[in-house]
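Secondary and tertiary structure notes
What follows is the residue order along each chain.
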There are 2 protein chains.
Amino acid sequence: MGKIVNVILSGGVGSRLWPLSRKSKPKQYLPIFSGKSLFELAVDRNSRIAQEVLLVASESNLELANPALQGVSHRIVVESVPRNTAAAIAFAAFALEKDDVMLVTPSDHLVENQEDYKSAIEHGVKFAEKDNIVTFGIVPHYPETGYGYIEHEGNDVISFREKPNESTAKEFLQRKRFLWNSGIFCFKAGVFLEELERYSPAVFLAAKEAFQNSKEDIIDKELSLAIPSISVDYAVMEKSDRIKVVPAKFKWSDMGAFDSLYEHLKDNGHPTDENGNMVIGDTDKEIAFVGLKDTIVVSTDDALLVLDMNSAQKVKDLYESLQENNSDLIE
Amino acid sequence: MGKIVNVILSGGVGSRLWPLSRKSKPKQYLPIFSGKSLFELAVDRNSRIAQEVLLVASESNLELANPALQGVSHRIVVESVPRNTAAAIAFAAFALEKDDVMLVTPSDHLVENQEDYKSAIEHGVKFAEKDNIVTFGIVPHYPETGYGYIEHEGNDVISFREKPNESTAKEFLQRKRFLWNSGIFCFKAGVFLEELERYSPAVFLAAKEAFQNSKEDIIDKELSLAIPSISVDYAVMEKSDRIKVVPAKFKWSDMGAFDSLYEHLKDNGHPTDENGNMVIGDTDKEIAFVGLKDTIVVSTDDALLVLDMNSAQKVKDLYESLQENNSDLIE
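Given the structure is predicted, the values throughout are model-derived calculations rather than measurements.

Parameters and conventions
- Residues numbered from 1 in each chain as written.
- Chains lettered and ligands numbered in written order.
- Predicted model: local features only at pLDDT ≥ 70, side-chain atom pairs only at ≥ 80, totals over all residues.
- Heavy atoms only, no water.
- Pairing = 2+ DSSP bridges.
- Helix = DSSP H or I, 4+ residues; strand = E, 2+ residues; numbered from the N terminus.
- Axes fitted to C-alpha atoms, helices over the stretch in contact; angles between N-to-C directions.
- Contact = heavy atoms within 4.5 Å.
- Polar contact = N/O pair within 3.5 Å; in protein donor to acceptor, adjacent residues only side chain to side chain.
- Salt bridge = Lys/Arg side-chain N within 4 Å of Asp/Glu carboxyl O.
- Buried < 20%, exposed > 50% of the residue type's maximum accessible area, 1.4 Å probe, protein only.
- 1 Å grid on protein atoms, 1.4 Å probe; cavity = no way out; pocket = protein on both sides within 12 Å on 5 of 7 lines; lining within 4 Å.
- Points joined across faces, edges and corners; volume = space filled by probe spheres on them.
- Nonpolar A, V, L, I, M, F, W, Y, C, P; charged D, E, K, R; others polar.
- Least-squares fit on C-alpha atoms with pLDDT ≥ 70 in both.
- Buried area = accessible area lost by both parts, 1.4 Å probe.
- Phe/Tyr/Trp six-rings, centres within 6.5 Å; stacked < 30°, edge-to-face > 60°.
- Arc of directions from axis to C-beta.
- UniProt positions renumbered as here; feature names shortened; annotations may be inferred.
- Parallel < 35°, antiparallel > 145°, perpendicular 65-115°, else oblique.
- Left-handed = near helix turned anticlockwise from the far one by under 90°.

Our focus in this paragraph is the sheet that holds strand β13 (residues 286-290) of chain A. The strand order across the open sheet formed by 4 strands is β13(A)-β15(B)-β14(B)-β12(B), and the pairing between neighbours is mixed. With partners counted over all chains shown, the strands left at the sheet margins are β13 of chain A together with β12 (278-281) of chain B, one partner each. In this sheet, adjacent strand axes meet at a mean angle of 15° when their direction is disregarded. Pairing between β12(B) and strand β14 (residues 295-299) of chain B: 4 bridges, direction parallel. Bridge pairing links Ile280(B) to Val298(B) in β14(B). Strands in contact with helix α10 (residues 258-267) of chain B are β12, β14 and β15 (303-308) of chain B; relative to β12(B), the strand with the most contacts, it is inclined by about 100°.

Looking at where helix α5 (residues 166-175) of chain A begins, the residue whose side-chain oxygen comes 3.3 Å from the main-chain nitrogen of Ser167(A) is Asn165(A). Of the residues flanking the end of α5(A), it is Lys176(A), one or two places downstream, whose phi is positive at about 60°.

With that settled, consider the pattern of salt bridges. A side chain with one charge can pair with a side chain of the opposite charge if their charged atoms come near. Inspection of the entire model under this criterion finds 39 salt bridges over all chains. Across the salt bridge formed by Glu122(A) and Lys118(A), the nearest N and O atoms sit 3.9 Å from each other. Placement of the pair is Glu122(A) and Lys118(A) together in helix α4 (residues 114-129), with a separation of 4 residues, close to one helical turn. Put simply, Glu112(B) and Lys251(B) hold a salt bridge, and the shortest N to O gap is 3.9 Å. In this pair, Glu112(B) is assigned in strand β5 (residues 110-112) and Lys251(B) in strand β11 (residues 251-253), connecting sequence segments 139 residues apart. Overall, the relative accessible area of 26% leaves Glu112(B) in the partly exposed class. One salt-bridge network, in which partners are shared between bridges, spans Glu151(B), Glu153(B), Arg161(B), Glu171(B), Arg175(B) and Arg177(B).

What follows deals with the sheet that holds strand β15 (residues 303-308) of chain A. Read from one edge of the open sheet, 4 strands run β12(A)-β14(A)-β15(A)-β13(B), paired in mixed fashion. Each having just a single partner strand, β12 (278-281) of chain A together with β13 (286-290) of chain B make up the two edges of the open sheet. The sheet shows a mean angle of 15° between the axes of neighbouring strands, taken without regard to direction. Across 5 bridges, the pairing between strand β14 (residues 295-299) of chain A and β15(A) is antiparallel. Bridged to Ile296(A) within β15(A) is Leu307(A). On the sheet, helix α10 (residues 258-267) of chain A packs against β12, β14 and β15 of chain A and is oriented at approximately 100° with respect to β12(A).

What follows is about empty space enclosed by the protein. Residue and element names in this part refer to chain B. Taken as a whole, this structure holds 3 cavities of 30 Å³ or more when the rule is applied. There is about 70 Å³ of room inside the largest cavity. Lining the largest cavity are Arg16, Glu144, Gly146, Tyr147, Asp254, Gly256, Ala257, Asp259, Ser260 and Gln313. Looking at the lining of the largest cavity, its residues break down into 2 nonpolar, 4 polar and 4 charged.

This next bit is on the relation of the copies chain A and chain B. Superposing chain A onto chain B takes a rotation of 180° combined with a translation of 0.0 Å along the rotation axis, leaving an RMSD of 0.0 Å. In short, the pair behaves as if placed about a two-fold rotation axis. No C-alpha of chain A lies nearer the rotation axis than that of Val306(A), which sits 4.1 Å from it. When the interface residues of chain A are mapped onto chain B, 100% of them are again interface residues, pointing to one common binding face.

Attention shifts here to the interface of chain A and chain B. Facing the 27 residues of chain A at the interface are 27 residues of chain B. Buried surface at the junction of chain A and chain B, both sides included, amounts to about 2000 Å², of which 67% is carbon and sulfur. Summed over the shared surface of chain A and chain B, the number is 0 salt bridges. The set of elements that each furnish at least two residues to the side of chain A that touches chain B consists of β13, β14, β15 and α11 (315-324) of chain A.

Residue and element names in this part refer to chain A. The tally for this structure, following the rule as stated, stands at 22 aromatic pairs over all chains. With a centroid separation of 5.1 Å and 70° between ring planes, the pair formed by Tyr147 and Trp180 is classed as edge-to-face. Of this pair, Tyr147 sits in the loop between β6 (133-138) and β7 (149-153) while Trp180 sits in strand β9 (residues 178-188), placing them 33 residues apart in sequence. The same class applies to Tyr147 as to Trp180, namely buried. Three or more aromatic residues joined by ring pairs form one cluster here, namely Tyr142, Tyr147, Trp180 and Trp252.

Our next topic: helix α11 (residues 315-324) of chain B. The complete set of buried residues in α11(B) reads Val315(B), Leu318(B), Tyr319(B) and Leu322(B). The buried residues of α11(B) occupy an angular sector of 100° when the element is viewed end-on, so they sit on one face. For α11(B), the secondary structure elements touched by its buried residues are β13 of chain A together with α10 and β15 of chain B. Taken from the residues just after α11(B), Asn326(B) is the one with a positive phi, measuring 55°.

This part is about the environment of Met102(B). Residues and elements named next belong to chain B. Mapped onto the secondary structure, Met102 falls in strand β4 (residues 101-106). Measuring from C-alpha to C-alpha, the distance between Met102 and Ser34 comes to 29 Å, with 68 residues separating the pair along the chain. Sequence-distant contacts of Met102, that is, excluding residues within four places in its chain, are made with Val5, Val7, Ile89, Ala92, Ala93, Leu96, Phe185, Cys186, Phe187 and Ala189.

What follows covers the UniProt feature "domain: Nucleotidyl transferase" (unreviewed entry) in chain A. As annotated by UniProt and renumbered to match this structure, "domain: Nucleotidyl transferase" (unreviewed entry) occupies residues 6-265 of chain A. Between the end C-alpha atoms of residues 6-265 of chain A the distance is 27 Å, and the span holds 37% helix and 25% strand.

What follows concerns the layout of surface pockets. Residues and elements named next belong to chain A. Of the pockets and cavities examined, the second largest pocket occupies roughly 1500 Å³. The wall of the second largest pocket is formed by 44 residues, among which Asn84, Thr85, Asp108, His109 and Asp233 lie closest to the centre. Those elements that provide at least two residues to the lining of the second largest pocket are β1 (4-10), α3 (84-95), β8 (156-161), β9, α9 (232-237) and α11. Class assignment for the residues of the lining of the second largest pocket results in 13 nonpolar, 18 polar and 13 charged.

Attention shifts here to the packing of helix α3 (residues 84-95) of chain B against helix α7 (residues 201-212) of chain B. Helices that pack against each other are described as a pair by the angle of their axes relative to one another and the distance between those axes. Residue and element names in this part refer to chain B. Two elements in contact, α3 and α7, have axes whose closest approach is 9 Å; the angle formed by their N-to-C orientations is 55°. Taken together, the axes of α3 and α7 are oblique relative to one another. Crossing of α3 over α7 shows right-handed handedness. In contact with Ala86, Ala87, Ala90, Phe91, Phe94 and Ala95 of α3, α7 contributes Val203, Phe204, Ala207, Lys208, Ala210 and Phe211. Across the contact of α3 with α7, the residue classes tally to 11 nonpolar, no polar and 1 charged.

Spelled out as structure tokens, the structure:
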């Protein structure tokens with residue numbers, strides 16, 4: 001039996017957490033969870049389950065990732081250009097032995113309840129050892145519209161569903177056979193590559209060639225550009241008939257936007273005023289709200305965001321417009 | 001015939017413009033109108049009509065007022081404690097000759113259209129010279145609920161009205177016989193004192209004694225405390241039968257709260273984003289709004305106010321709660 005390897009994916013900026021998150025300081029490296037970053041927490045959480053870490057990251061992330069990896073047995077595969085999750089996981093699979101069990105986790109999600117997490121993962125590892133492609137689904141407790149859903153019967157996947165609208169999310173919650181797609185996966189390296197080759201041969205072949213031409217675990221850039229940029233969900237999960245799902249009850253959030261961060265901080269004692277207004281970030285000024293509720297002020301050295309919590313997803317649009325204008329404020 | 005004296009009242013902080021306005025920097029001294037303060041603008045505007053200025057102010061205001069008074073013939077009466085407008089105007093009247101025409105103006109209102117202003121005041125001075133108590137009423141162009149109203153027929157006052165609710169304000173606007181009470185007055189010193197003595201003898205007598213015991217135009221403090229603190233409207237205007245009103249069309253605002261300031265700044269080219277959000281004050285940060293409209297961020301060195309424009313009047317409540325907590329932020 002192979003070892004369990006925690007494959008951590010660390011791409012993306014987390015543009016919906018601007019101005020906290022930047023190109024130079026992506027969301028997963030912000031030390032805002034009782035002084036720790038989501039990346040640190042992910043390494044810590046999974047090192048109690050896996051024997052080693054295989055980080056797939058861009059070069060600009062290496063320095064940020066390094067401190068959390070000290071004292072942890074690890075290897076790093078460097079993506080020269082981002083090619084989405086199917087390719088990133090393929091690189092990891094090529095770097096491992098066929099029988100190694102890959103526990104693939106995002107680095108920018110928050111998990112609470114370590115014991116529930118551990119028992120769900122151990123359950124998943126058993127399916128993975130039987131050559132299944134395993135996904136983890138969180139039992140929803142409210143009708144979130146920002147997550148994808150998995151329809152299931154026990155450990156069998158009936159269908160994957162896109163982010164629903166509000167009425168569909170409510171229906172999903174009522175029908176009790178839908179789980180939030182956590183983006184956490186578990187499978188043997190060899191099984192993943194078999195399924196990738198079967199269902200997305202173009203990704204398989206291009207990723208294989210790019211990986212084989214990597215130098216010191218830095219993937220060749222030119223060959224990377226030839227890899228179709230598609231998600232692992234689309235490339236494998238939604239197609240494979242070896243798919244299993246482990247329903248899990250650990251507390252999980254993708255911390256995708258300020259509404260998630262707000263709820264987390266509030267639950268952990270971060271102050272709000274009597275109308276639910278909150279200040280996030282460093283400021284040397286007294287900040288007062290009048291006539292507003294559920295408004296978040298996010299303060300950094302060079303920028304201040306004033307956000308209605310119900311529009312948390314729209315911060316991405318602001319980020320993109322700053323990007324189009326080549327603004328220093330996203331660097 | 002006596003001279004025309006511009007009596008400028010400079011009490012009050014302008015708490016609804018916090019954090020711009022402070023005890024140490026009341027609203028009328030903020031240089032935010034193309035670099036000038038409302039006080040400077042008032043002195044400048046009225047010095048084209050009156051021969052001299054008589055400022056009634058608290059001691060803490062003297063230094064702030066001084067620069068604008070350079071080159072203007074002026075005298076200053078210092079209130080040891082604030083005793084409202086009836087007493088402040090009485091002090092000025094006692095300091096002048098009986099036949100001097102007092103043009104009493106607040107120092108914290110904005111007037112535009114100097115020519116219309118001048119012709120309205122000249123019209124008022126004629127009534128004052130015939131021993132009337134003259135008030136100036138602005139022809140309203142929208143149903144403002146933050147101002148008092150004067151019901152009139154020509155130059156005769158039918159009644160004074162408190163700040164109306166919205167439906168009453170709309171009715172006032174439709175009926176076309178209501179004017180905004182501008183707080184600008186004109187009368188001979190002697191006529192004012194006669195009317196004050198008749199209708200509010202307690203104010204008259206106590207103010208007279210306090211004034212007579214002033215030293216170098218600083219009113220005695222102990223004797224000031226004995227003066228009933230009531231407004232000139234209540235003490236004289238609403239009771240006198242020598243009252244006249246001059247309807248006027250100059251552009252006028254009391255700049256009482258951030259909604260007025262917002263409109264003024266916007267009309268003068270101060271930027272807003274596409275949803276009408278505005279930043280007022282000094283900041284070295286980029287400030288962005290998401291999911292909000294008509295929101296004002298007011299930034300100073302030590303405080304930041306995030307305000308929904310429709311709640312501009314409520315800033316006063318915030319100021320008062322800071323005052324109760326002895327906050328440095330209002331000093």
